[in-house]
Amino acid sequence: MDKTDILKQYFGYPAFREGQELLIDSILAGQDVLGIMPTGAGKSICYQVPALLLPGITLVISPLISLMKDQVQSLNQAGIHAAYINSSLSEAQISKALRLAAGGQYKIIYVAPERLETYGFMQFARQVEISMLTVDEAHCISQWGQDFRPSYLKIVQFIKSLEKRPIISAFTATATENVKEDIVCVLGLQSPQVLVTGFDRKNLYFAVESSGKKDNYVINYIREHSGESGIIYCATRKNVDMLWGRLLSEGVAVTKYHAGLDSEERKQNQEDFIYDNSPVMVATNAFGMGIDKSNVRYVIHYNMPQSLENYYQEAGRAGRDGEKAECILLYSAQDVMINRFLLENKEQKGEYTQEEMDAIAGRDEERLRAMTYYCLTTGCLREYILRYFGESGAGACGNCRNCLREYEEIDVTEASVRIIEGIREVRQRYGINVVAGMLAGGDRAKLREYRVSEYASFGSLRGMGEGEIKQIINEMLVEGLLAMTNDKYAILKFTAKAEEVLQGDRQVILRQPKKLPGQGEGSTERKKSKSKARKSDILNSRGLELFEMLRQLRTEIAREENMPPYIIFSDKTLVDMCVKVPLDRGEMLMVSGVGTNKYERYGERFLHVIEEYTGGMHEKLYFGEADEIERM
Ligand code: ADP
Ligand code: ZN
């Protein structure tokens, strides 16, 4: 069998995605690889396919127990012998698994990094041929990353202790240069094939909402998306408890997760979510790493996170199946303060010198600022994210709130000049509140304390509200005409670019969203998105009915097998069944995500439902043209 046969037979996919083939070929040629690809890009296939072609065992180091279980279940479903070894197993189970592994029972074995240095595991590793060592979530090895795990450093010693060095493949979704260098360097990758694919997730819609009551927004949203699975992230446990209670009282099937719950409850709640018993999850950022649930249709941030790295990772848990999904951030200015408080009280992992701590604090502050600007920008949100991660965005994406909203443009160049003059006059010593207050001619204790009325700029923008002035200042920050210092005082400075405004060479335009009628709180008016509709949107009413029946069958099987539904078949696969209407084995095997093994297990039951429903006819159950659907 070659790699394409394996992809077809075990995973049920006709072709590799961009990048997968390059990494697989490199591995098969004996080269180390580093794959940096966004969530949902298909990293697992990159090591699972070669693992089946290499002579020995592939060890996969993975940070989380839930992740391992999920992956191993999926592999077993696909007919691939795999196992995991971690602290959720008893000593007896571990010995048994290692014995079977030593006997050649498994091609792929998932292990927690802590396990590597135990005596039993070392013994095992010396007996068998390890062809490849895969490091999943490889950014955990970097002290510069967000999720540094000291236990990841054990991987290095483990590799050194092996008689024969295996091929090393590492995968992560974290793109920053520091982290990438750390992975290559700390893991000791030898002239690796590095692949960085685009970070754009085309199926995700991005929005920032900053008006109205957050609770009401969430409740309305969930109502409009009933039956769909979603995650709502809050900054604090207290917020999680409150929102969870509120949703529960509204009759939402909701569960929650945060570090304050005991481990039994956390585990139970997580399972309820994964098995779709409670499709809505309210959680702190403690939830989600290693959650592979592919049918999460929306991720709402009740509070702004501390960085775009965090945001993109958390929001990215939506739509892993490639179907359309929404990422909505509910912004309020208070979120900035909550985050600053959280950052100041953050526990430092590892030991650092004062200098390093200052550097980290400065970087945290900078990340928070970039995150805040994301909430304030009126430009394309996707473009903003991609540029932050070092990709040149392609301009307006047509699939984010800002691209789809109508704006009116207001020339605020005059006011901008006053603002720059004011900042210059106070010799760049104050933050946004004092500057805006001074320009508006305000009379507050704080302003009197700084004696701002003695400046010529005092009241130079009288007649404008402080809020309005702040909006212009924010726009100037986003455009890089002004900057803030990297500390908690956030003092306003002007940059070299500001000179262009003073010289009259540059206009400052404020874009303000036009209020459309009927755009009330939480109303998520259907966007006229340029991008393709969700696949399930293209099914006609009969198609949707069949989809529902297939989904029920999937739930039934999931219960029987005690397996999350999406591991049986993804939503995408069910939709593809409704489009292709397979009536026999051959046709069923053409459906994306149906491999030989899954066919053997479940194919007939699904065929049966389809045949009953259509009376054995190739009915067309979707709108539009088939080739259009193929390309989606
Ligand atoms: P990642 O680990 O990069 O977040 P996964 O490995 O979980 O992504 O893959 C995301 C989804 O894409 C999974 O449902 C997977 O089965 C699917 N997938 C991966 N490769 C392909 C492919 N070549 N064709 C179709 N679907 C694929
Ligand atoms: Zn956009």
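Remember, it's a predicted structure, so these values are computed and weren't measured experimentally.

Some points on the sheet that holds strand 12 (residues 296-301)
Link 1 in the chain: Reading across the sheet, the 6 strands line up as 8-13-12-9-11-10 and stay open at both edges, with parallel pairing between neighbours. Because the sheet does not close on itself, it has two edges, and the strands there are strand 8 (204-209) and strand 10 (254-257). Sheet twist, expressed as the mean angle between neighbouring strand axes with direction ignored, is 15°.
Link 2 in the chain: Here 4 bridges tie strand 12 to strand 13 (residues 325-330), and the two strands are oriented parallel to one another. Note on strand 13: the bridge partner recorded for Val299 is Cys327.
Link 3 in the chain: Helix 9 (residues 214-224) contacts strand 8, strand 9 (229-233), strand 11 (280-283), strand 12 and strand 13 of the sheet and is inclined by roughly 165° relative to strand 13.

Looking at the coordination of the zinc ion (ligand 2)
Link 1 in the chain: Surrounding the zinc ion (ligand 2) are the protein donor atoms Cys380 (SG), Cys397 (SG), Cys400 (SG) and Cys403 (SG), at 2.3 to 2.4 Å.
Link 2 in the chain: Taken together, the 4 donor atoms coordinating the zinc ion (ligand 2) and their angles of 101 to 119° define a geometry best described as tetrahedral.
Link 3 in the chain: Positions of the donor residues of the zinc ion (ligand 2) along the chain correspond to the pattern C-x16-C-x2-C-x2-C. Of the two residues, Cys380 is situated in the loop between helix 14 (354-376) and helix 15 (381-388) and Cys400 in the loop between helix 15 and helix 16 (401-404); the sequence distance between them amounts to 20 residues. Considered together, Cys380 and Cys400 belong to a single accessibility category, that of buried residues.

Overview of the sheet that holds strand 3 (residues 82-85)
Link 1 in the chain: The parallel open sheet is built from 7 strands, whose spatial order is 3-4-2-5-6-1-7. The sheet is open, and its two borders are formed by strand 3 and strand 7 (193-196), each paired with just one other strand. Neighbour to neighbour, the strand axes of the sheet diverge by 15° on average, direction disregarded.
Link 2 in the chain: Against the sheet, helix 3 (residues 43-53) contacts strand 1 (33-36), strand 2 (57-61), strand 4 (108-111), strand 5 (130-135) and strand 6 (167-172), and its axis sits at roughly 160° relative to strand 6.
Link 3 in the chain: The strands touched by helix 4 (residues 65-77) are strand 3 and strand 4; relative to strand 3, the strand with the most contacts, the crossing angle is about 165°.

Remarks on the pattern of salt bridges
Link 1 in the chain: This structure, assessed with the given rule, holds 34 salt bridges.
Link 2 in the chain: Glu466 is the partner of Arg444 in a salt bridge, and the nearest nitrogen-oxygen pair spans 2.6 Å. On the criterion of sequence distance, the pair formed by Arg444 in the loop between helix 18 (432-440) and helix 19 (445-449) and Glu466 in helix 20 (residues 466-478) is long-range, its members being 22 residues apart.
Link 3 in the chain: Between Arg605 and Glu560 there is a salt bridge; the shortest N-O distance is 3.0 Å. Here Arg605, found in helix 26 (residues 596-614), pairs with Glu560, found in helix 22 (residues 541-561); they are 45 residues apart in sequence, far enough to count as distant.
Link 4 in the chain: Accessibility expressed as a relative area gives 31% for Arg605, which makes it partly exposed.

A word on the site of ligand 1
Link 1 in the chain: Around ligand 1 sit 14 residues in total, of which Tyr13, Ala15, Gly40, Ser44 and Arg320 are the nearest.
Link 2 in the chain: Here Arg17 contributes a side-chain N or O atom positioned 3.2 Å from a nitrogen atom of ligand 1.
Link 3 in the chain: Between ligand 1 and Ala41, the relevant distance is 3.4 Å, taken from an oxygen atom to a main-chain nitrogen or oxygen of the residue.
Link 4 in the chain: Coverage of ligand 1 by the protein amounts to 82% of the 570 Å² it exposes when considered alone.
Link 5 in the chain: The element that contributes the greatest number of residues to the shell around ligand 1 is helix 3, accounting for 3 residues.
Link 6 in the chain: Residue classes in the shell around ligand 1 are distributed as 6 nonpolar, 5 polar and 3 charged.

A word on the pairing of strand 11
Link 1 in the chain: The side-chain alternation of strand 11 yields two buried faces, one formed by Val280 and Val282 and the other by Met281 and Ala283.
Link 2 in the chain: As judged from the 4 bridges shared by strand 9 and strand 11, these two strands associate in the parallel manner. By the bridge assignment for strand 11, Ile232 is matched with Val282.
Link 3 in the chain: Judged from the 4 bridges that link them, strand 10 and strand 11 form a sheet pairing that is parallel. The residue bridging Val254 from the neighbouring strand is Val280, located in strand 11.
Link 4 in the chain: As for the winding sense of the linkage, the β-α-β connection from strand 10 through helix 11 (residues 263-274) to strand 11 is right-handed.

Brief notes about the pairing of strand 1
Link 1 in the chain: Going residue by residue along strand 1, you find Val33 and Gly35 tucked away on one face and Leu34 and Ile36 tucked away on the opposite face as well.
Link 2 in the chain: In terms of strand pairing, strand 1 meets strand 7 through 4 bridges, oriented parallel. Within strand 7, the position partnered with Leu34 by the bridge is Val194.
Link 3 in the chain: Bridging between strand 1 and strand 6 involves 4 bridges; their strand directions are parallel.

Some words on the nonpolar core
Link 1 in the chain: Formed by 178 residues in total, the largest nonpolar core has its most connected members in Phe158, Phe206, Tyr374, Ile419, Met577 and Phe606.
Link 2 in the chain: Residues within four places of Met577 in sequence aside, it is in contact with Leu550, Phe569, Pro582, Met588, Val591, Val594, Phe606 and Ile610.
Link 3 in the chain: In this structure, Ala207, Leu243, Val280 and Tyr298 belong to the second largest nonpolar core, which totals 21 residues.

A few points about the packing of helix 13 (residues 334-344) against helix 14
The packing of two helices is summarised by the inter-axis angle and the distance between the axes.
Link 1 in the chain: Helix 14 packs onto helix 13 with a crossing angle of 160° between their chain directions and a minimal axis gap of 11 Å. Here helix 13 is positioned roughly antiparallel relative to helix 14, judged by the angle of their axes. Of the two possible hands of crossing, helix 13 and helix 14 adopt the one that is right-handed. Residues Val336, Asn339, Arg340 and Leu343 of helix 13 pack against Asp364, Glu365, Leu368, Arg369 and Thr372 of helix 14.
Link 2 in the chain: When the residues that make up the contact of helix 13 with helix 14 are grouped by side-chain class, the tally is 3 nonpolar, 2 polar and 4 charged.

Re the confidence of the model for the protein chain
Link 1 in the chain: On average, the protein chain scores 88 in pLDDT, and the residues at 70 or more come to 94%.
Link 2 in the chain: Contacts for the low-pLDDT stretch residues 517-533, under 50 throughout, to residues beyond four places or in other chains number 36 contacts.

Overview of the packing of aromatic side chains
Any aromatic ring pair is given by two values, namely how distant the centres are and how the planes are angled relative to each other.
Link 1 in the chain: Applying the stated criterion across every chain, the model contains 16 aromatic pairs.
Link 2 in the chain: Aromatic side chains Phe273 and Phe287 sit 5.7 Å apart centroid to centroid with 80° between the ring planes, which places their arrangement in the edge-to-face category. Taken as a pair, Phe273 in helix 11 and Phe287 in the loop between strand 11 and strand 12 lie far apart in primary sequence, 14 residues in all. Take Phe273 and Phe287: they sit in the same class, and that class is buried.
Link 3 in the chain: Joined through ring pairs, the aromatic side chains of Phe199, Phe206, Tyr312, Tyr388 and Phe389 make up one cluster.
Link 4 in the chain: Across the ring face of Trp244, the terminal group of Lys256 is positioned such that the distance to the ring centre comes to 4.1 Å.
Link 5 in the chain: Taking the ring centre of Tyr407 as reference, the NZ or CZ of Arg511 above it sits at 4.1 Å.

Quick look at the packing of helix 14 against helix 15
Link 1 in the chain: Packing of helix 14 against helix 15 brings their axes to within 10 Å, and their N-to-C directions diverge by 160°. Judged by the angle between their axes, helix 14 and helix 15 are roughly antiparallel. Both helix 14 and helix 15 take part in a crossing whose hand is right-handed. Contact with helix 14, carried on its side by Arg367, Ala370, Tyr373 and Tyr374, involves Leu381, Tyr384, Ile385 and Tyr388 of helix 15 and no other residues of that element.
Link 2 in the chain: Residue composition of the contact of helix 14 with helix 15, by class: 7 nonpolar, no polar and 1 charged.

What counts, and at which threshold
- Residues numbered from 1 in each chain as written.
- Chains lettered and ligands numbered in written order.
- Predicted model: local features only at pLDDT ≥ 70, side-chain atom pairs only at ≥ 80, totals over all residues.
- Heavy atoms only, no water.
- Pairing = 2+ DSSP bridges.
- Helix = DSSP H or I, 4+ residues; strand = E, 2+ residues; numbered from the N terminus.
- Axes fitted to C-alpha atoms, helices over the stretch in contact; angles between N-to-C directions.
- Contact = heavy atoms within 4.5 Å.
- Donors = N, O, S within 2.8 Å, 3.2 Å for Na, K, Ca; no water.
- Tetrahedral: all angles 85-135°; square planar, octahedral: opposite > 155°, others 65-115°.
- Buried < 20%, exposed > 50% of the residue type's maximum accessible area, 1.4 Å probe, protein only.
- Salt bridge = Lys/Arg side-chain N within 4 Å of Asp/Glu carboxyl O.
- Near = heavy atom within 4 Å.
- Polar contact = N/O pair within 3.5 Å; in protein donor to acceptor, adjacent residues only side chain to side chain.
- Areas by Shrake-Rupley, 256 points an atom, 1.4 Å probe, with all protein chains shown as cover.
- Nonpolar A, V, L, I, M, F, W, Y, C, P; charged D, E, K, R; others polar.
- Right-handed = clockwise from strand over helix to strand, strands pointing away.
- Core = buried A, V, L, I, M, F, W, Y, C linked by side-chain atoms within 4.5 Å.
- Parallel < 35°, antiparallel > 145°, perpendicular 65-115°, else oblique.
- Left-handed = near helix turned anticlockwise from the far one by under 90°.
- pLDDT = per-residue confidence, 0-100.
- Phe/Tyr/Trp six-rings, centres within 6.5 Å; stacked < 30°, edge-to-face > 60°.
- Lys NZ or Arg CZ within 6 Å of the ring centre and 35° of its normal.

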